[in-house]
Amino acid sequence: MRNIWLYGQFLRVAVLGKAQYKADFFVGIASVLVLNAVNLSLIGILVYNFDTLGNWGIWDLMFLYSFWMLSRGIYGVFFWHLSDLEEMIVSGNFDAYLVRPASPFLQFIGKEISYTGVGDFLVGVLGFLLAAAQLKLKWQAGEWVYFVICVLSGALIQMAVNWIGASLCFWTTRSHAAMSIVERFIVLMQQYPANIFGKYFQIFVTCFLPVAFINYYPSVVLLNKAEGGTSFWQYLSPVVSLVLLFVGALVWTRGVKRYAGTGN
Amino acid sequence: MRANSMSLRIGAAFLHSEFLNISVYRVSFWLNLVYTFLMMYSVGYVWRALYAANPDAAGVPLPNMVSYAVMGVALEAILHPRNGPQFYIMEQVRKGTIEMDILKPVDFQFYMFTKNMGGLAVRFLFLVLPSLITAYFLFSLKLPHFSALMGFALSLACSVVISFFLNFMLGLLSMVTMNIKNINWGYNAVLRFFSGQMVPLWIFPGMLRILGNILPFRCIYSIPASIYIGNYAGMDMLGALGVQGTWIILLWISSRLLMKKVFARVMIQGG
Amino acid sequence: MIEVKHLKKEFKIPVQKKGRFAAVRNLFSSEYTIKRAVDDISFCVGNGEIVGFIGKNGAGKSTTIKMLSGILKPSAGSVTVDGIRPFEQRMENARQIGVVFGQKTQLWWDVPLIESYRLLREIYRIDNITYQKNLERYIPMLGLEEVINKPVRQMSLGQRVKSDICAALLHDPKILFLDEPTIGVDVVSKKYLQDFISEVNREKGTTVLLTTHDMGDIEKLCSRVVVIDSGHLMYDGDLESMVQRFGAIRSLMVEFEESVEDFQVANAELVRSEGNRKWFSFHREKTTPMEILHFIVGRFPVHDIEVIEPDIEGIVRNLYESK
C-alpha cells in the first residue's frame, strides 16, 4: 500500500517536471503521429497491391496494429525510460536510489513519465475504432473484458522484456544497444501477423522472446483467425505477462545485488 | 600530394578508432549481427506471404523481390541515419567545442566525411559482408550478373555519398537550432517511406510514386538494390546512376552553401 | 558510531588486449585483473565527531564511503554504522544516514526545489513537525530562500550543493556522509557550507564524515583526519599531531643587505635564490633556525628573516610522497 502511495507521489513530481517542456510535448506527439502514419501507409501499400497478407485483410492488420499501439502507449507512458538505466549506472546516479529508504526499483520507475506514449495510445484508439467499425465486430461483455486485459498484458510484456534487457547492464554496463535492437525487432514484428514468418520464427516469438503475445495471439483469438479453432494457449497473454514480470523481478534483484559488488 | 597522404593518414586513424570501438562494445556488435539475420529472415517471409496471395502484383519474380528486401536490411547497417555525422556534430555543438573542429586545418566537410567513412568501412566489413554471405546460403540471395554487380558497387558508393550529404546537412542545422532530435526523427520516417528500403517504390500508388521518384531518398536504397536485382539494366542502369550523380552534385553544392551560411552565423555568435 | 575493521574491496577490471589483431581478439573474449581499491582499513568514528577523510583521487575514499552508506558490499572485513551493517540492512541504514555526493545531485532536476523536499518527506516518512522545523531552520542558514521555488537545473553549482546538503539533513540523520561537498563551489557558498556543517554538528550532534581535497574544509571543520593512499590507511589522528609528525620540513627565508653568492649550510638545503633573498629548508629534528642564522650572520649582513611553517596541503603532499 505504502509503495503504491509513494509511486503516486513520484509520478506527481514526474508530471510536474514534464510540464516544464511544453513545446517538446507537441513536437513529440507530432513525430509519433508521423511515424505511425508511415508504418501504416507502408502496410497499406503492401495490402493495396497484394490484397491480403497471410489471410489477414487490411482491416485485420489495422486491428493488429492498433492493438499493439494501445499496449505500447500504456507501456510508453510509464516505462519508456527503462533504457535510461545504462546511463544512470555509468554516471553513478543510480547510487542515490540505494541510500534512500525506499525500493530502488520504485524510485527508478517513478523517475519519469513519457508523453510519446500518449501519441501511440491515441493512434491505437483511433485505429481500433476504425477497424472495429469496418470489421463489424459485435462483442459480448466477455470479449471486451478479455480485450482490456490483453491490452494491459501487452503493455506489461513490453515492460518486462525491456526491464530484463535494461537489467543486463548490471552485468555488461552497456545495455542500450541490446535494448534498441530488441525494440527495433519488436517494432517490425508487431506490424505483421506472426503466422507469415514460418514455423521456427513463430516458435521464437512465442517461446523465447514471447512478443507474439503482445498483440498477435490476442488478435487471433478476438478476430477468430486461428485455423481449425483457437487453441487454449493462444489465450495465455495474461499468464505470459505475469511470468515475464516474475523473470524481470528476478533478473533485476540479482542485478542490483551484483551492482553492490562491482560499483560502476 | 601532401594533402592526399595526410587525408589517407586521417582516414586510417579513424578506421582504427572505429575498429576499437566495435571491439570494446562487443556485446552490441554480436547483437547487431543477430538482429540483421533476424530481419533478413523476417522480411523474406513477409514477401513470401504476400506473393502467396497474389504472385503477379509486384511485377518482379519472388526471388528478386526477396533479394531486394534482404539487400535493404543489409544496407541499413551502413546507411541508417543513426550512423551519420549529425549526432557527432550535435554533441560538439552542445558541448561548445564545435569551433575547434571548424578551425582545424582540414576542410570541415571533408573531415566529417573521412571520420564517417571509418565507421562505415568497419560496419561494412563486419556487419554487411558477413550478413550478405550468410544470406546467400540461408535466404537464397540472388547473385547478379557481372555488369549488374559493377553497377551495384558504383551505385552503392553513390548512395553512401548522398546519405552522407543529407545527414551532414542535418548536422549543420543543429548548429542553428541546437536540438535536431525531433527533426532527425521526422527525417528518419520520411527516409523509411520514400527510400524504398522496406517497400519498393514501384508498387506505390500514383502520386506517391511520382513524389518518391522526385525526392532524392530513392538514391539511398531503392536504386542500388534495384540495380542489384536487375530491375535497372543497360540504359536504365546508366540512367539511374546518372540520377544519383546529379543528386550528388546538387547536394554537394547545397551543402557547401549551407555550410558557408551556418559557419558565418556560428562565427558571429561566438560559442 | 562508525566502526570499520579490516575492510577490503576488490574490483574486477577488464584488460584490453594489445598487439596484433587485438581488436578482433577483443570481439571474442576479455581478461580481467583484480584491483584492490580498499585494502585492510580499520578506523572508528565517535559520536558527534567530524572526521576528514583525505587522499588522492582513486585512493579509495569514495569506495569506503559507498560501503559505509550501503551502496557497495565489502569484499572482506566488517563495517557497522551505529550497530547496523549498511549493506545487509540497507533500509535501516538509509533511515539514519544522509549522503551527499558533491559532483552529482540527488534532487529532481526539473521541478522546483521544494517539490524535491516534499517527496523526500514522503520517502523518509518525516513527520510534519520535524519537516517544518528543519526547513525553517536550514533554509535561512544556507541562504536558500531565493531558490526554493526554482528547478535544480537552473541553479548554480553552489546553490545546488547547498540544496543537496539541506535535503540530506531533513530527516535528522545521525550520520552525514559528504563526498567532496565543496568541489568547484564558489568561495561564498563554501563559507556557508562550512558554517552550516559545523553548526548542525554542534546543535544536533550529527556525526560527519567528509572527503575533500580542500584543506580549508579540513582546517575549518575537522578535529580529526584519516588519510588513505592506494587503499591503505596512512594516518589516523588529530590534526595537530599530523602537523607535528608530517610537518617536519620547515623553511627559513633570509634577506641579505646585498646579493651574495650561493653557499652551503650544515643540515639545511638551499632550495631557492631570488635577488637578495635565499630560502633554506631543514628537518625539524636536525637543526633549528637559530643554528642556521648563527652560521650566516657571522659571514654576511642580514636584513630580514622569516620562518615558514608547512601548511596542511604541503603536509598531505609530503605524506603521499613519503610513501
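Since this is a predicted model, take the numbers as computed values, not measurements. (Residues numbered from 1 in each chain as written. Chains lettered and ligands numbered in written order. Predicted model: local features only at pLDDT ≥ 70, side-chain atom pairs only at ≥ 80, totals over all residues. Heavy atoms only, no water.)

J.: Hey, could you go over the UniProt feature "transmembrane region" (unreviewed entry) in chain B for me, with residue numbers and the actual values?
T.: Per the UniProt entry, the sites bearing "transmembrane region" (unreviewed entry) are residues 29-50, 62-79, 120-139, 151-173, 185-204 and 238-259 of chain B in this numbering. Helix makes up 100% of residues 151-173 of chain B and strand 0%, whereas the separation of the span's terminal C-alpha atoms amounts to 33 Å. (UniProt positions renumbered as here; feature names shortened; annotations may be inferred. Helix = DSSP H or I, 4+ residues; strand = E, 2+ residues; numbered from the N terminus.)

J.: Break down the state of the cysteines for me, citing the residues and quoting the values.
T.: All names here are of chain C. The full count for this structure, using the stated rule, is zero disulfides over all chains. With no disulfide of its own, Cys44 has Cys222 as its nearest cysteine by sulfur position, at a separation of 17 Å. Residue Cys44 is classed as partly exposed on the basis of its relative accessible area of 44%. (Disulfide = S-S within 2.5 Å. Buried < 20%, exposed > 50% of the residue type's maximum accessible area, 1.4 Å probe, protein only.)

J.: Can you explain the packing of aromatic side chains? Please cite residues and give values.
T.: Residue and element names in this part refer to chain A. Applying the stated criterion across every chain, the model contains 59 aromatic pairs over all chains. Ring plane angle 15° and centroid distance 6.0 Å describe the contact between Phe108 and Trp252, whose orientation is recorded as stacked. Taken together, the residues Phe108 in helix α6 (residues 104-109) and Trp252 in helix α13 (residues 237-262) connect sequence positions 144 residues apart. Centre to centre, the rings of Phe128 and Trp144 are 6.0 Å apart; their planes meet at 80°, and the pair counts as edge-to-face. Here Trp144 lies in helix α8 (residues 141-167) and Phe128 lies in helix α7 (residues 116-135), a separation of 16 residues in the sequence. Exposure remark for Phe128: the relative accessible area of 8% places this residue in the buried category. Directly above the aromatic system of Tyr200 lies the positively charged group of Lys199, at a separation of 5.5 Å from the ring centroid. (Phe/Tyr/Trp six-rings, centres within 6.5 Å; stacked < 30°, edge-to-face > 60°. Lys NZ or Arg CZ within 6 Å of the ring centre and 35° of its normal.)

J.: Please give an account of the side chain of A:Asn49 that cites residues and values.
T.: Residue placement: A:Asn49 occurs in helix α2 (residues 22-50). By relative accessible area, which is 17% here, A:Asn49 ends up buried. Those residues in contact with A:Asn49, other than ones at most four positions away along the chain, are B:Asn54, B:Ala57 and B:Ile203. (Contact = heavy atoms within 4.5 Å.)

J.: How would you explain empty space enclosed by the protein if you had to name every residue and give the values?
T.: Remark: the empty space left among the atoms is shown by a probe the size of a water molecule rolled over them. All names here are of chain C. With the rule as written, the count across this model stands at five cavities of 30 Å³ or more. Taken together, 14 residues line the largest cavity, and the ones lying closest to its centre are Val99, Gln106, Tyr124, Ala167 and Ala168. Of the residues forming the lining of the largest cavity, the biggest block, four residues, is contributed by strand β5 (residues 97-101). Along the lines of polarity and charge, the residues of the lining of the largest cavity split into nine nonpolar, three polar and two charged. (1 Å grid on protein atoms, 1.4 Å probe; cavity = no way out; pocket = protein on both sides within 12 Å on 5 of 7 lines; lining within 4 Å. Points joined across faces, edges and corners; volume = space filled by probe spheres on them. Nonpolar A, V, L, I, M, F, W, Y, C, P; charged D, E, K, R; others polar.)

J.: Describe the side chain of C:Thr182, listing the residues and the values that go with them.
T.: Residues and elements named next belong to chain C. Note on placement: Thr182 falls in the loop between β6 (175-179) and α7 (187-204). A polar atom in the side chain of Thr182 sits 2.6 Å from the side chain of Asp217. Once residues lying within four places of it in the same chain are set aside, the contact partners of Thr182 are Lys190, Leu193, Thr212, Asp214 and Asp217. (Polar contact = N/O pair within 3.5 Å; in protein donor to acceptor, adjacent residues only side chain to side chain.)

J.: Go over the sheet that holds strand β11 (residues 268-274) of chain C, please, and point to the residues and values.
T.: Two strands in a sheet stick together by hydrogen bonds in their backbones, pointing the same way (parallel) or opposite ways (antiparallel). Residues and elements named next belong to chain C. In spatial order, the strands read β11-β12-β10-β13; together these four strands make up an open sheet with antiparallel pairing. In this open sheet, the two strands that pair with only one neighbour each are β11 and β13 (302-308). On average, each strand axis in the sheet is inclined to that of its neighbour by 20°, with strand direction left out of account. Where β11 and strand β12 (residues 277-283) come together, six bridges link them in antiparallel fashion. (Pairing = 2+ DSSP bridges. Axes fitted to C-alpha atoms, helices over the stretch in contact; angles between N-to-C directions.)

J.: Residues and numbers for the environment of C:Met141, please.
T.: All names here are of chain C. Considering the arrangement of structural elements, one finds Met141 in helix α5 (residues 128-142). Separated by 64 residues in sequence, Met141 and Gly205 place their C-alpha atoms 17 Å apart. If near-sequence neighbours (up to four positions away) are discounted, Met141 is found in contact with Tyr192, Phe196 and Glu199.

J.: Requested: an account of the packing of helix α1 (residues 2-18) of chain A against helix α4 (residues 113-124) of chain C, with residues and values cited.
T.: It is the contact of α1(A) with α4(C), at a shortest axis distance of 10 Å, that shows an interaxial angle of 175°. Accordingly, the angle class assigned to the pair α1(A) and α4(C) is roughly antiparallel. Counting all contacts with α1(A), which are made through A:Arg2, A:Trp5, A:Leu6, A:Gln9, A:Phe10, A:Arg12, A:Val13 and A:Leu16, the residues of α4(C) involved are C:Glu115, C:Arg118, C:Leu119, C:Glu122 and C:Ile123. For the contact of α1(A) with α4(C), the residue count by class is seven nonpolar, one polar and five charged. (Parallel < 35°, antiparallel > 145°, perpendicular 65-115°, else oblique.)

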